[in-house]
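Results of the structural survey
Single-letter residue listing:
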Amino acid sequence: MGKQEIISWIDENKLFFEDMAKKIWGNPEVGYTESFASELQIKALEKAGFRLTTGLGDISTAFVAEYGEGKPIIGILGEFDALPGLSQQVSTTYKPVVPNGPGHGCGHNLLGTAGVEAVLALKEQMEAEMLTGTIRYYGCPAEELLSGKTYMARAGVFDDIDCSLTWHPGTFNMTTNSSMQALTGIEFYFSGRTAHAGAAPHLGRSALDAVELMNVGANYLREHVPDGSRIQYQITNGGLAPNIVPDKASVYYFLRGANRRQVGEITERLIKVAQGAAMMTETTVKWEIKAGCYDTLPNKALNELMFNQASKAGKMEFTQMEERFAEELCQTLDSSLLEDAKKNKFGLNGEKALDPEFYHITKMYGMTMGGSSDVGDVSWIAPMGQIMTTCAPLGVQFHTWQATASFGSSIGIKGMHHAAKIMALASYDLLLNQDGALEKAKSEFVKNTSGITYEPGIPVDIHPPMQKTDTAAVSAI
Ligand SMILES: [Zn+2]
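Residues numbered from 1 in each chain as written. Predicted model: local features only at pLDDT ≥ 70, side-chain atom pairs only at ≥ 80, totals over all residues. Heavy atoms only, no water.

**Description of the domain arrangement of the protein**
What the domain assignment reports for the protein is domain 1 (2–179 + 295–449) and domain 2 (182–291). Each side of the interface is counted separately: domain 1 has seven residues, and domain 2 has nine residues. In total, about 590 Å² of surface goes out of reach between domain 1 and domain 2, with carbon and sulfur atoms giving 50% of it. Linking domain 1 with domain 2 are zero salt bridges, by the criterion used here. At the surface where domain 1 touches domain 2, the tally comes to one residue pair in polar contact (both at pLDDT 80 or more). In terms of residue class, the side of domain 1 that touches domain 2 is built from three nonpolar, three polar and one charged. (Domains from an automatic or database assignment. Contact = heavy atoms within 4.5 Å. Buried area = accessible area lost by both parts, 1.4 Å probe. Salt bridge = Lys/Arg side-chain N within 4 Å of Asp/Glu carboxyl O. Polar contact = N/O pair within 3.5 Å; in protein donor to acceptor, adjacent residues only side chain to side chain. Nonpolar A, V, L, I, M, F, W, Y, C, P; charged D, E, K, R; others polar.)

Now the structure itself:
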């Protein structure tokens, strides 16, 4: 009975959440500046009677909203940050709203909103049935910078949860059974001596030379790291002008690997490469770890629980107009992307651009996919269940204008409602501990984490870029 009421509540209130997701999509804010999205969600949760704590982990846009009393404590993880340069209208041709402006190319406008939708629906049912237990929505900033949840976890905000549920907009419906990579973000700052590059180059000690030599060293290191590791960099400061020997230059590295230990080892070796480059160029080098997220640890019991709700949530249906939009968008993709999407999706049907089926592919357990997420940190603190839903056509890559277009369209909104229903229904079972659902998830977690204690990957002396006391800076951006 309770489940049908949860679904009906979401159906009856869907326009409110559609409006929220579209507003966040229309006001894209990059990591640590998400004050519009954060305030919009806080207002809705406060109005519904949730208890709010803001400024988590010393981040102005991080918050938790809580309803209910006592155990179990179930956390739903939400995100709302956008990506730079991905501004795009809901159109099947490239048309930015603001040229080079930010955009929701990863669908976090949907991601966070579905979480709010799920907890508000659940709260209604908890009230109606006088259920005990606590539900929480975590507003998590800066996932795209892979650090928001690490700062929050470092502050201990997830320590008392019994489990968490989350999702991500996708190009098909699926439980997220594979793992994602651990990552360290580390920036190196070289300092040398400036000089006139034409008149007195012999007096200069170029920090940019050091950056370039470091990158050469890193590209040789690439061959001698475990399979599947990734080394990526961006020169964040390359000097001011060709005729000035740069005394300052910097480079930002992302290092990825199967787990934190592996990434830690690559980091140590890369630091040696940086020191070698500094020695060669008579410059000095300092570095700062800016992100340090864990690989994700899937929980079979929770993923299965979420999969079992998918049929109860109803099958997704798309209109002819949506199908046409999807097909037109797919025509803008390189054909190799489409072929790749169809071939490599572990037995998905792949015939339709918008796939309404829900897949639970157990052979993906134990596999590690490319990419990283700071949800990984939470998955090592308590059991975490995760799904993806169809919010974009098959073949569309995240972090592209086609993705921004999809996540602002009615296709994205449909996927968001579907995810909200599944998370709310699964949480309902967890609150009631139906068939020992919570116990199963916990005992699996204890087994998988035996001998491993969560240690945040960002050192304690590093502070988030936008701290909660820094309100002037937040509103100025
Ligand atoms: Zn994302």
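**Re the packing of aromatic side chains**
Evaluated as defined, the whole model comprises 16 aromatic pairs. With a centroid separation of 5.1 Å and an interplanar angle of 90 degrees, the aromatic rings of phenylalanine 16 and phenylalanine 17 are classed as edge-to-face. Given a relative accessible area of 43%, phenylalanine 16 falls into the partly exposed group. Among the residues examined, phenylalanine 17 registers a relative accessible area of 1% and is labelled buried. Both rings, one in tyrosine 252 and one in phenylalanine 254, keep their centres 5.4 Å apart while their planes meet at 75 degrees; by these two values the pair is edge-to-face. What makes tyrosine 252 buried here is its relative accessible area of 17%. (Phe/Tyr/Trp six-rings, centres within 6.5 Å; stacked < 30°, edge-to-face > 60°. Buried < 20%, exposed > 50% of the residue type's maximum accessible area, 1.4 Å probe, protein only.)

**Some thoughts on the packing of helix H8 (residues 300–310) against helix H14 (residues 437–448)**
Where H8 contacts H14, the two axes come as close as 7 Å, and the packing angle between them is 145 degrees. Taking contact as the criterion, the partners of Lys300, Ala301, Leu302 and Leu305 in H8 are, on H14, Ala437, Lys440, Ala441 and Glu444. Per-class residue counts for the contact of H8 with H14 are five nonpolar, no polar and three charged. (Axes fitted to C-alpha atoms, helices over the stretch in contact; angles between N-to-C directions. Helix = DSSP H or I, 4+ residues; strand = E, 2+ residues; numbered from the N terminus.)

**Observations regarding the coordination of the zinc ion**
Ideal values differ by geometry: the angle at a metal is 109.5 degrees with four tetrahedral donors, but 90 or 180 degrees with six octahedral donors. The protein atoms that coordinate the zinc ion are Cys106 (SG), His108 (NE2) and His168 (NE2), at distances spanning 2.1 to 2.2 Å. Donor residues binding the zinc ion come from one chain and are separated in sequence as C-x1-H-x59-H. The pair formed by cysteine 106 and histidine 108 is uniform in burial state, with each residue classed as buried. (Donors = N, O, S within 2.8 Å, 3.2 Å for Na, K, Ca; no water.)

**Here's the deal with the pattern of salt bridges**
A full pass over the atoms with the stated rule returns 20 salt bridges. The residue aspartate 374 makes a salt bridge to lysine 149 at a minimum N-O spacing of 2.6 Å. Here lysine 149 lies in helix H5 (residues 148–154) and aspartate 374 lies in the loop between strand S13 (368–369) and helix H11 (375–379), a separation of 225 residues in the sequence. Classification of aspartate 374 by relative accessible area gives buried; the value is 0%. Residue lysine 149 is classed as buried on the basis of its relative accessible area of 0%. Taken together, the salt bridges that share partners define one network made up of Arg51, Glu66, Glu69, Arg136 and Asp160.

**Quick notes on the sheet that holds strand S6 (residues 173–175)**
As summarised here, the arrangement of the eight strands in space is S1-S2-S4-S3-S5-S14-S6-S12, forming an open sheet in which the pairing is mixed. Unpaired on one side and paired on the other, strand S1 (51–54) and strand S12 (358–359) mark the two borders of the sheet. Across two bridges, S6 lies against strand S14 (residues 384–390) in antiparallel orientation. Residue threonine 175 lies in a different strand from S14, and its bridge partner there is isoleucine 387. Along the sheet, helix H3 (residues 35–47) makes contact with S1, strand S2 (63–69) and strand S4 (133–140), crossing S2 at roughly 15 degrees. (Pairing = 2+ DSSP bridges.)

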